[in-house]
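# Descriptive structure summary
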Amino acid sequence: FAATVLPHFLLPDLKTKYTITMALWKAAFAALSLFAAVEGFTTPTVSRVSQPLRMAATLAESELGSIATENIRNIAVIAHVDHGKTTLVDALLRQTNVFRDTAQANEAGERVMDSEDQERERGITILAKNLAVMRDGVKINIMDTPGHADFGGEVERVLNMCDGVLLVVDSVEGPKPQTRFVLDKALRQGLKVVVVVNKIDRPAARPDYVVDKVFDLMMELGASDEQIDFTTVFASGLNGISGMDPDDMQEDMKPLFDAIRDCVDAPSVKSTEPEALQCLVSNIDYDNFKGKMGIALITAGTIKAGQPVALARPETPKKTGRLTSLFIFDNLGKREVEAASAGEIIMFSGLDNVEIGDTLITNEGGGANAAEPLPPIAVELPTVRMTLGVNRSPLAGREGKFLTSRMIRDRLFKETDRNVALQVEETDSADKYAVSGRGQLHLTVLIETMRREGFELEVGPPVVIYKENEETGEIEEPFEKVEVRVPEEYSGSVIDLFNTRNGELQDMGLDDGGESMSVIQYLIPTRGMLGLRSELLTATRGTAIIDAVFDSYRPKLKVDIKSRDKGSLLAFEDGVTTSFGMENAQDRGKLFVGPQEDVYKGMIVGIHQRPGDLAVNVCKTKALTNMRSATKGITVGITAPIEMSMDACVEYIASDEILEVTPSKFRMAKNPDMDQKRKKK
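So, how was this worked out
- Numbering of residues starts from 1 in every chain and runs along the sequence as written.
- Only residues with pLDDT of 70 or above have their local features reported here, since the model is predicted, and side-chain atom pairs are shown and tallied only from 80 upward, although totals for entire chains, interfaces and linings are computed over all residues.
- To obtain the side-chain values, all non-hydrogen atoms of the structure were used and water was disregarded.
- Numbering of helices and strands starts at the N terminus; helices are DSSP runs of H or I of at least 4 residues and strands are runs of E of at least 2.
- In this description, contact between two residues means that some pair of their heavy atoms is separated by no more than 4.5 Å.
- Methods summary: accessible areas were calculated by the Shrake-Rupley approach with a probe of 1.4 Å, and residue burial reflects only the protein chains presented.
- Here, a strand pair is defined by DSSP locating no fewer than two bridges between the strands.
- Simply put, an axis is a line fit to the C-alpha atoms, just over the touching stretch for a helix, and the angle between two N-to-C directions goes from 0 to 180 degrees.
- Within this document, salt bridges are pairs made up of a side-chain nitrogen of Lys or Arg and a carboxyl oxygen of Asp or Glu, the two lying within 4 Å of each other.
- In this scheme, a residue with accessible area under 20% of its type's maximum is buried, one over 50% is exposed, and one in between is partly exposed, where area comes from a 1.4 Å probe on protein chains only.
- Should an angle fall under 35 degrees it is called roughly parallel, over 145 degrees roughly antiparallel, and 65 to 115 degrees roughly perpendicular, with every other angle called oblique.
- Should the near helix be turned counterclockwise from the far one by less than a right angle, the crossing is left-handed, whereas a clockwise turn marks it as right-handed.
- Each residue gets a pLDDT score, which is the predictor's confidence in that residue and runs from 0 to 100.

Now for the overall build of the protein. When helices and strands are counted, the protein shows 19 helices and 36 strands. Pairs at least 24 residues apart make up 70% of the contacts formed inside the protein by residues separated by at least 6 positions. By element, 50% of the accessible surface of the protein is carried by carbon and sulfur atoms, the whole surface being about 32,600 Å².

In structure tokens form, the structure reads like this:
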């Protein structure tokens, strides 16, 4: 009682509190041993006494904000999309007393880490997120990462803060294209891998096959002997169970926690001296009250709130400042601390010019004895570009709050602060900006976010980014490796679509799962993939499962790839659509608009049933005369319009078309700049 409670209440200084607590415990243990020797009692074993000693130490250390480095594990959860990463993290949270009771856990719901609206709507993880849990005296910093290839930049920067990874693999599907991508990144950084065969409760689960495939993949990627000797845990994140054998599952996640503790190394610390401070900033957050905040792993040294620091990069002038607040991750949130030491993941404020890739070093004494900055984070270059600019349509300005080019520019460059895989460039036009990303989804998520914030935008079609080979001088274009799982009866349609877009067949066969599914693998130019997903889903009646990942840059093909084989129906004039005008127009194709909608000349109102564009008068009204006809009583029903999401619109538009994005509407139209060029010719 004296060793644990009295220092806690009587001493204000945390460091003194911790020191005296440990000293009193050691003195109490020594006195107990002496008393036992005099009286002839059996001395208590160290293991029995060490439990309260560890509890007292943990109490004092947690207030200081630093836990012993050997009791910290920093891990990232990586996997292919929809293999159950976030559900698995939910199970870990529920079994580490993060929630007060069952009612609070039920209120939090499922997929707690997917907190963004788009993440819940699309069912995918978009942004990497941090959390920390305590289990058996060990603090586990967990980073939940996206599984989609377009958000690979999130995975690359998060791996800089980790000492090991949980590779989550579906117990039926096994390793997929994105599994290969994220595993390759982890192996190159020398991280240890704990393989989690998830969804083991599925009736078609084949754990032995999946483990063999993971082993083969590691061999193919050149893993070291230590990495290949990986630990495998079988789990069901949905049911919260795990085990070291699929036939002997425990009713909790204890085997997985034990594997993390025993198989993932504690952070490697070179020095704990304050002058040796090195923190590589891997993420950026923003607080309405504290401003811009950096998230980093302390590689070496210690850090205190209020100390003078500097942000440095190799061969770049330092940016100096002072930390105003220092936080560590605690459960789903963060906790302010006075100090933190090497091995801990921190969040700090006070430096508004912090950027991802900066190294936080000490600036005590002008930084005379400060450590050298670490190499900045390297991410793969973008492959797809789109133009975003001011909405110039006749219907512009009716809904949005942010309309000007300055507002759009500030928002785009602000996005590059935390989205390291995104690039924004000025163009020849003052009201347009070229935005480059990893893929079409990467860019459409940004556009959708801006739309919900109240922006109005004019969006150009996606185009691939070519580059020149420095050795050969050839122009190269990006290629993607695509895997399609589809019922056997639709395999012919899939192959035809890929062949028309200059795809190269890599492999084809039946799925081993026994579901009579064909697995088709193609190598295809990225420009051939633009707009292909919707055609594949249409041709296979929505049954195709499409997985694509960037493969490499290869010499550009000397052929043009057609994005679609049908033209568009264009509005003939400005006005409001009428039922009478739509009755005549729907005979020419399928419409995107319904009655009583505003349209303007050149706006795309539907898909033409033949190649080439056709102008139709959807605003035509019925002549009001007293003439009667034999067909007066015959009415024609109006077919319901096709509802186009933003992703569908981006896939649909051709090179001479644009997309108008407002907070509530998506309108496609012919690019007026292209029309002017055609008229001049």
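Attention now goes to the sheet that holds strand E4 (residues 164-170). The eight strands are arranged E2-E3-E1-E4-E5-E6-E7-E8 in an open sheet whose pairing can be described as mixed. If you trace the sheet from one side to the other, it starts and ends with strand E2 (129-135) and strand E8 (248-250), each paired once. For this sheet, the mean angle separating the axes of adjacent strands, direction not counted, is 30°. As paired elements, strand E6 (residues 231-236) and strand E7 (residues 241-245) share three bridges and run antiparallel to each other.

So, on to the sheet that holds strand E13 (residues 316-322). Remark on secondary structure: sheet strands pair via backbone hydrogen bonds, oriented parallel or antiparallel. Here eight strands make up an open sheet; going across it, the order is E13-E12-E18-E9-E10-E17-E14-E15 and the pairing antiparallel. Each edge of the sheet is formed by a strand with only one pairing partner; in this case those strands are E13 and strand E15 (333-336). Taken over all neighbouring pairs, the strand axes of this sheet differ in orientation by 40° on average, direction set aside. As defined by bridge partners, strand E12 (residues 308-313) adjoins E13 across five bridges and the pair is classed as antiparallel. Each bridged residue has a counterpart across the sheet, and for Arg-313 the counterpart in E13 is Thr-316.

Another point: the pattern of salt bridges. Considering all chains together, one arrives at 32 salt bridges under this definition. Across the pair Asp-330 and Arg-335 runs a salt bridge whose closest N-O atoms are separated by 3.4 Å. Residue Asp-330 is classed as partly exposed on the basis of its relative accessible area of 33%. A salt bridge links Lys-670 to Asp-613; the shortest N-O distance between them is 2.7 Å. Within this pair, whereas Lys-670 is found in strand E36 (residues 666-670), its partner Asp-613 is found in the loop between strand E33 (603-608) and strand E34 (614-616), the two being separated by 57 residues in sequence.

Here we come to the pairing of strand E3 (residues 138-144). Burial analysis of E3 places seven of its seven residues in the buried class, which makes it a mostly covered element. In E3, alternate side chains face the same way, and those of Val-138, Ile-140, Ile-142 and Asp-144 on one face and Lys-139, Asn-141 and Met-143 on the other are all buried. Pairing of strand E1 (residues 72-79) with E3 involves six bridges; the strand directions are parallel. Bridging across to E3, Arg-73 finds its partner in Ile-140.

At 3.6 residues per turn, the α-helix brings residues three or four places apart onto the same side. For helix H4 (residues 85-94), the tally of buried residues reaches eight of ten residues, placing the bulk of the element in the interior. For H4, every residue scored as buried is listed here: Lys-85, Thr-86, Leu-88, Val-89, Asp-90, Ala-91, Leu-92 and Leu-93.

Below, the discussion takes up the environment of Asp-150. For Asp-150, the location among the structural elements is in the loop between E3 and helix H7 (152-158). Counting along the chain gives 28 residues from Asp-150 to Gln-178, while the straight-line C-alpha distance between them is 9.8 Å. Contact partners of Asp-150, with chain neighbours within four places excluded, come to Arg-438, Gly-439, Gln-440, Leu-441 and His-442.

Let us now look at the packing of helix H14 (residues 491-500) against helix H16 (residues 532-539). At their nearest, the axes of H14 and H16 sit 9 Å apart, and the two run at 155° to each other. On the basis of the axis angle, H14 is roughly antiparallel to H16. The handedness of the crossing between H14 and H16 comes out as right-handed. Judged by residue contacts, Ser-493, Val-494, Leu-497 and Phe-498 of H14 engage Leu-532, Glu-535, Leu-536 and Ala-539 from H16.

To continue, consider the confidence of the model for the protein. Per-chain confidence: the protein averages 80 in pLDDT, with 84% of residues scoring 70 or above. The model gives residues 1-5 a pLDDT under 50, and that stretch makes nine contacts with residues more than four places away or in other chains. Low pLDDT, under 50, characterises residues 103-109; the stretch is placed with eight contacts to residues that sit more than four places away or in other chains.

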